[in-house]
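# Inside the fold
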Amino acid sequence: MRALITGITGQDGSYLAELLLGKGYEVHGIVRRSSSIGRQRLDGLYVDPEVYGRKLFLHYADLNDATTLRRIVTRVEADEFYHLAGQSHVGLSFEIPESTCDLTANGTLRILEILRDLRRPPRFLHASSREIFGTPRVSPQNEDTPMLPNSPYGCAKVFATNLVQVYRESHGLFCCSAICFNHESPRRGENFITRKVTLAAAEISLGLKKELMVGDLGACRDWGYAPDFVNAMWLMLQQEQPRDFVLATGVSHSIRDLLKLAFEHVGLNWENHVCSDQRFVRPADASSVLGDPTRAEQNLGWTRKMAFEPMIRHMVDSDLRLLNSRHRS
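Being a predicted model, the structure only gives us computed values, none of them experimental.

Conventions and cut-offs
Residues numbered from 1 in each chain as written. Predicted model: local features only at pLDDT ≥ 70, side-chain atom pairs only at ≥ 80, totals over all residues. Heavy atoms only, no water. Core = buried A, V, L, I, M, F, W, Y, C linked by side-chain atoms within 4.5 Å. Buried < 20%, exposed > 50% of the residue type's maximum accessible area, 1.4 Å probe, protein only. Helix = DSSP H or I, 4+ residues; strand = E, 2+ residues; numbered from the N terminus. Contact = heavy atoms within 4.5 Å. Pairing = 2+ DSSP bridges. Axes fitted to C-alpha atoms, helices over the stretch in contact; angles between N-to-C directions. Right-handed = clockwise from strand over helix to strand, strands pointing away. Phe/Tyr/Trp six-rings, centres within 6.5 Å; stacked < 30°, edge-to-face > 60°. Lys NZ or Arg CZ within 6 Å of the ring centre and 35° of its normal. Parallel < 35°, antiparallel > 145°, perpendicular 65-115°, else oblique. Left-handed = near helix turned anticlockwise from the far one by under 90°. Nonpolar A, V, L, I, M, F, W, Y, C, P; charged D, E, K, R; others polar.

Attention shifts here to the nonpolar core. Within the largest apolar cluster, 38 residues are counted, with the highest numbers of intra-cluster contacts made by Tyr82 and Leu247. Among the elements that make up this core, the one with the highest residue count is helix 8 (residues 226-236) (8 residues). Residues contacting Leu247, with those up to four places away along its chain left out, are Ala178, Ile179, Cys180, Phe181, Phe229, Ala232, Met233, Ala296 and Trp302. Residues Ile204, Ala219, Val266 and Ile312 belong to the second largest nonpolar core, which totals 28 residues.

Structure representation (structure tokens):
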């Protein structure tokens, strides 16, 4: 089996690459060309001579470069295509709405147009987002919940998610959307709230930082573990028929819960080190988010291996190791 992944250097892409390689796949990844060649999330694979260049291959392309994308897709002839790339930071999408929509919405359209022209198109998975629901009027949210986005990123994901359905129904492609609620890991970017908190807890415990500024302490999110989510993505492409699925845990936690757990793990009281700042509150942000993973559990046989509490402790421990290694070097 051969797989092609956009966003392979991101959190989900790196875990998915590891999963597929473990299943015997040949894995191809599309990466953006930049002045930096740092790919820390893939380091373990990239430096392994038994993997890179033999089982794992990287190709340069941007999501706005349809010609190069078409060339790579045609050359690789993948059995499965996982589209995970795009500008994925919701808050940042208010600052750069045009590029967010071009990469996230039109980037998906470009790929779907390429696939519909192939003689043997691969099975295609698009990583959608719970942001398509915006500020939901019902809880929990499932596959039938109305899409009411309240951010440029959410709007772009609605466009892409609806397009996947159109190309599935109108062009007969095996394509589906994984509607992902928040999912975290030690590989999460440092500008996301979970990693921001776990890194700050580690830094403050080591005397490297004094305080942390956050937004709405009462905001609640459904946080899962990234490796569990990429396993569900793989399961979605193993089904007889393509369907969209909500990927979530069905359990919600507040920012206060996150802070309390992370700081207690390093022996600190979060209230002594954390301040709330309205500058970090996003416009029209949903205060409570909760997903319903019932259909994924029943139809995919999907089970999750890591709950919220051990995941946050795992992230804090990883950040402690990271900081200690930096200090030693």
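The subject of this paragraph is the sheet that holds strand 11 (residues 245-247). Taken together, the 7 strands give an open sheet; going across it, the order is 3-2-1-4-5-6-11, and neighbouring strands pair in parallel fashion. On the outer flanks of this sheet lie strand 3 (56-60) and strand 11, each paired with one strand and no other. The average undirected angle you get between the axes of adjacent strands in this sheet is 20°. Of the strand pairs in this sheet, strand 1 (residues 2-6) and strand 2 (residues 26-31) are connected by 5 bridges, and their pairing is parallel. Note that in strand 2 the partner of Ala3 across the bridge is Val27. Those strands touched by helix 1 (residues 11-22) are strand 1, strand 2 and strand 4 (80-83), and its axis lies near 175° from that of strand 1. Against the sheet, helix 8 makes contact with strand 4, strand 5 (123-129), strand 6 (175-180) and strand 11, and its axis sits at roughly 160° relative to strand 6, the strand it touches most.

With that settled, consider the pairing of strand 6. Most of strand 6 is tucked away, with 6 of its 6 residues classed as buried. Burial of the side chains of strand 6 extends over both faces: Cys175, Ser177 and Ile179 are buried on one face and Cys176, Ala178 and Cys180 on the other. Judged from the 6 bridges that link them, strand 5 and strand 6 form a sheet pairing that is parallel. For Ser129, the partnering residue across the bridge sits in strand 6 and is Cys180. Handedness of the β-α-β unit built from strand 5, helix 6 (residues 152-171) and strand 6 comes out right-handed. Direction of pairing for strand 6 relative to strand 11: parallel, over a ladder of 3 bridges.

This part takes up the packing of aromatic side chains. Tallied over the full model, the rule gives 4 aromatic pairs. Measuring from centroid to centroid gives 6.2 Å for Phe133 and Phe181, while their planes differ by 40°, and the two rings are tilted. Taken together, the residues Phe133 in the loop between strand 5 and helix 6 and Phe181 in the loop between strand 6 and strand 7 (183-184) connect sequence positions 48 residues apart. Exposure class is identical for Phe133 and Phe181. Each is buried. On the numbers, 5.6 Å between centres and 90° between planes, the contact of Phe229 with Trp302 is edge-to-face. Here the residue Phe229 occupies a position in helix 8, and Trp302 occupies one in the loop between helix 10 (294-300) and helix 11 (308-328), the gap between them amounting to 73 residues. Both residues of the pair, Phe229 and Trp302, belong to the buried class. Over the ring of Trp234 we find Lys23, and its NZ or CZ is 3.9 Å from the ring centre. If you follow Arg187 out to its NZ or CZ, it ends over the ring of Tyr15, 3.9 Å from the centre.

How two helices pack is summed up by the angle between their axes together with the distance between the axes. Axis separation between helix 7 (residues 193-205) and helix 11 bottoms out at 8 Å; the angle between their running directions is 50°. The orientation of helix 7 relative to helix 11 falls into the category oblique. By crossing handedness, the relation of helix 7 to helix 11 is classed as right-handed. For the pair helix 7 and helix 11, contact is made by Thr194, Arg195, Thr198, Leu199, Ala202, Glu203 and Ser205 and by Ile312, Met315, Val316, Asp319, Leu320, Leu322 and Leu323, respectively. Looking at side-chain class alone, the contact of helix 7 with helix 11 contains 8 nonpolar, 3 polar and 3 charged residues.

This brings us to the packing of helix 5 (residues 97-116) against helix 6. Contact geometry for helix 5 and helix 6: axes closest at 8 Å, N-to-C directions at 10°. Relative to helix 6, helix 5 is oriented roughly parallel. Contacts between helix 5 and helix 6 involve Pro97, Thr100, Cys101, Thr104, Ala105, Asn106, Thr108, Leu109, Leu112, Glu113 and Arg116 from the first element and Pro152, Tyr153, Ala156, Lys157, Phe159, Ala160, Leu163, Val164, Tyr167 and His171 from the second. Split into classes, the residues belonging to the contact of helix 5 with helix 6 amount to 13 nonpolar, 5 polar and 3 charged.

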